[in-house]
Amino acid sequence: MPDCTITVEGLTYHHVPNAPPSLNNINLHLQPGSRTILVGANGAGKSTLLQILAGKRLVKDAEIRIKGLDVFRDSPPGVTFLGTEWAMNPVVRSDIVVSNFLDSVGGYKHKERRDKLLDILDVDLDWHMHAISDGERRRIQLCMGLMTPWDVLLLDEVTVDLDVLVRDELLTFLRNDSIARGATILYATHIFDGLGSFPTHIAHMRFGSFVTEPTSWPSGFTNGHRAPTLYNTALQWLKEDRDYRRELEKQGRKGRGPRNETVPSDSETFYKKYDYGH
């Protein structure tokens, strides 16, 4: 498709060789300025897809391009990926003053955007990285990742530990930035409150495939009636995912939840004998 910022054709990915694919025949075409929310249960493949688009997982037999460039061979500029694992890195938990940390990654080069983000994210430049909360550390990650203007922003659950006010102001900033610069956002999240006016498109993933490819929001969901809320749409999709999985379990797929074990195992007998918890 012409003028696509993100193009994916025929993407199938296996975490483990000879195991069922984590992503199966994914095709994706996102236009400049689009903001797409990825909806899906845990394990649907959302994070894997974002990591591949960011060039963090190598794929050989698929076309994956951002701004017309191969994400593995050409390393397209202007792509920012922000995921949850950053805040757990020991380096960002050491005794570093926030102002020095941001300057070390070029904050002084983007002072106007940096200062705007510092205000939105309510960051104190005198904080020490080892002495702050995970939520405060997340704010610094977002400031660091967003202060350089981006053309494509890949977000994987990075607002999960922000308070509601900071999250709302951040999403407003991202929406306005996308509109003003024609930048593209692909955002995987499980938090849908306050997101109704953010996306231009939403998509539904299940077991590594698209059930609903990116569809205009809300116009693609009205059917001549009042559009449902994003929360209710996501809730309905996730209920369908659970029903689908349970139907597969009835057909022999390995099930989840408690097991019907009437005869205790030898290990259970042993541990009950030496259980001092009561």
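See the structure shown above.
Here we summarise the structure given alongside this text. Quick caveat, the model's predicted, so the values are computed rather than measured. (Residues numbered from 1 in each chain as written. Predicted model: local features only at pLDDT ≥ 70, side-chain atom pairs only at ≥ 80, totals over all residues. Heavy atoms only, no water.)

Here's the deal with the pattern of salt bridges
Tallied over the entire structure, the rule returns 14 salt bridges. Between Asp-151 and Lys-67 there is a salt bridge; the shortest N-O distance is 2.8 Å. With a gap of 84 residues between them, Asp-151 in the loop between α4 (134–146) and β7 (152–156) and Lys-67 in the loop between β4 (63–66) and β5 (69–70) connect regions that are remote in the sequence. On the basis of relative accessible area, Asp-151 is assigned to the partly exposed category, the value being 32%. The partner of Arg-139 in a salt bridge is Asp-163, and the shortest N-O contact between them spans 2.8 Å. Remark: Asp-163 occurs in the loop between β7 and α5 (164–181) and Arg-139 occurs in helix α4; sequence separation between them is 24 residues. Look at the salt bridges and you will find they share partners, linking Asp-103, Lys-111, Arg-114 and Asp-115 into a network. (Salt bridge = Lys/Arg side-chain N within 4 Å of Asp/Glu carboxyl O. Helix = DSSP H or I, 4+ residues; strand = E, 2+ residues; numbered from the N terminus. Buried < 20%, exposed > 50% of the residue type's maximum accessible area, 1.4 Å probe, protein only.)

Section: the pairing of strand β1 (residues 6–13)
As judged from the five bridges shared by β1 and strand β2 (residues 23–30), these two strands associate in the antiparallel manner. Counterpart to Tyr-13 in the pairing with β2 is Leu-23. Inspection of the sheet shows β1 paired to β4 by four bridges, in the antiparallel sense. Opposite Glu-9, over in β4, you have Glu-63 as the bridge partner. (Pairing = 2+ DSSP bridges.)

A word on the packing of aromatic side chains
How two aromatic rings sit relative to each other is given by the distance of their centres and the angle of their planes. Applying the stated criterion across every chain yields a total of four aromatic pairs. Look at Tyr-187 and Phe-198: their rings are 6.1 Å apart centre to centre, the planes differ by 80°, and that puts the pair in the edge-to-face class. Here the residue Tyr-187 occupies a position in strand β8 (residues 184–188), and Phe-198 occupies one in the loop between β8 and β9 (201–206), the gap between them amounting to 11 residues. With a centroid separation of 6.0 Å and an interplanar angle of 50°, the aromatic rings of Phe-207 and Tyr-244 are classed as tilted. Highlighted residues: Phe-207 in the loop between β9 and β10 (209–216) and Tyr-244 in helix α6 (residues 230–250), separated in sequence by 37 residues. Residue Tyr-244 is classed as partly exposed on the basis of its relative accessible area, which comes to 39%. Directly above the ring of Phe-198 sits Arg-35, whose terminal nitrogen or CZ lies 6.0 Å from the centroid. (Phe/Tyr/Trp six-rings, centres within 6.5 Å; stacked < 30°, edge-to-face > 60°. Lys NZ or Arg CZ within 6 Å of the ring centre and 35° of its normal.)

Without other data, these values stay purely geometric and don't point to any function.
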